[in-house]
Amino acid sequence: MLGKLGKKLQGKTIVVYGASSNIGRKFTQEAAKRGALVIAFARNTSKIPSFSRGQISGSIEILKGDITRKSDVRKALTGRKVYATINFAVDFSPDLAKARKVNVKGERNILEESVRRDVKRHIFISTVATQTPKSNAYRDSKLEAEEEVKKFGNTHHLDWIILRYANVLGSQTWDQPFKVIFPFLRIGIPKIPTDSKTSPFYFVTIETVLDATMAAIEAKPNQMITVLDGKITIGEYLSIMEKVHHVRVSFLPSKPVRLLAKYFGI
């Protein structure tokens, strides 16, 4: 489906904030393949791979910066006619103050500078976690940022799209637990007690995420879109990850997991 999207990107300048994230990197490459002039902005630019001219028809300029500093955000827009800004940057800290610094203040900086530089469209990458009932720093800061986007965009006539991704299969966020638990022995992954009736688990593939983000560049403005592939149980999800990471059958049955949760809150 990617080949059908992003056809109008030729020659357009797009600033990708958070371009060092797994999804941000892949989007940067896809946009450049379709002829876009991409400014790849990130705190850690070493994570952004370089591409040869033969791999892309557009261009990629890598820029080091931090979205919590407005001067850095402005640097990515200065001297360019930018069509769209996209914010993939995120902080998963359980500390609300730290999460808000990136997820809210950083987003506000991008919105303000986008308006100041006459950017046509802004795309904010959010999450379906905003729809969960339990309050936490990630959920709450993303919800606050969504309100900033709607309020600021409507007040200043900036076209906006909010994309709420489901849990992305293969992204760094969801790969990491499997690398941390058994970094050397890959002998198993603790199963979470679940069944298809009681524990639905929404997911999305990176390919679908790229499709949706490409489409958002050209979609009808001022709308919120939830990006899903379907519904999967946690057990099925872990089985997929076992195959991805070449792990044998998980060894921790549901009863010990329940006991750990009961007595230790794990």
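1. Quick notes on the nonpolar core
Judged by nonpolar contacts, the single largest core of 34 residues is most densely connected at Phe27, Ile86, Phe88, Ile123, Leu163 and Tyr165. Residue assignment for this core shows that the elements contributing at least two residues are strand 1 (13-17), helix 1 (22-33), strand 2 (37-42), strand 5 (121-127), strand 6 (159-165) and helix 6 (206-218). Among all residues touching phenylalanine 88, those that are not within four sequence positions of it are Val16, Tyr17, Gly18, Ser21, Ile23, Gly24, Phe27, Ile125, Tyr165 and Thr213. Membership of the second largest hydrophobic core comes to 14 residues, among which are Ile39, Phe41, Ile110 and Val119.

2. Regarding the pattern of salt bridges
Per the counting criterion, the structure on display carries twelve salt bridges. The shortest N-O distance in the salt bridge between arginine 69 and aspartate 72 comes to 3.0 Å. Exposure remark for arginine 69: the relative accessible area of 46% places this residue in the partly exposed category. A salt bridge links arginine 116 to glutamate 113; the nearest nitrogen and oxygen atoms lie 2.5 Å apart.

3. Quick word on the pairing of strand 5
Where burial is concerned, most of strand 5 is hidden: seven out of the seven residues are buried. Across the two faces of strand 5 the burial is the same, with Arg121, Ile123, Ile125 and Thr127 and His122, Phe124 and Ser126 all buried. Taken together, strand 4 (residues 82-87), helix 3 (residues 96-116) and strand 5 form a β-α-β motif whose crossover is right-handed. Note that strand 5 and strand 6 share seven bridges and pair parallel. Its bridge partner being in strand 6, threonine 127 is matched across the sheet by tyrosine 165. Handedness of the β-α-β unit built from strand 5, helix 4 (residues 137-156) and strand 6 comes out right-handed.

Rules behind the numbers
Residues numbered from 1 in each chain as written. Predicted model: local features only at pLDDT ≥ 70, side-chain atom pairs only at ≥ 80, totals over all residues. Heavy atoms only, no water. Core = buried A, V, L, I, M, F, W, Y, C linked by side-chain atoms within 4.5 Å. Buried < 20%, exposed > 50% of the residue type's maximum accessible area, 1.4 Å probe, protein only. Helix = DSSP H or I, 4+ residues; strand = E, 2+ residues; numbered from the N terminus. Contact = heavy atoms within 4.5 Å. Salt bridge = Lys/Arg side-chain N within 4 Å of Asp/Glu carboxyl O. Right-handed = clockwise from strand over helix to strand, strands pointing away. Pairing = 2+ DSSP bridges.

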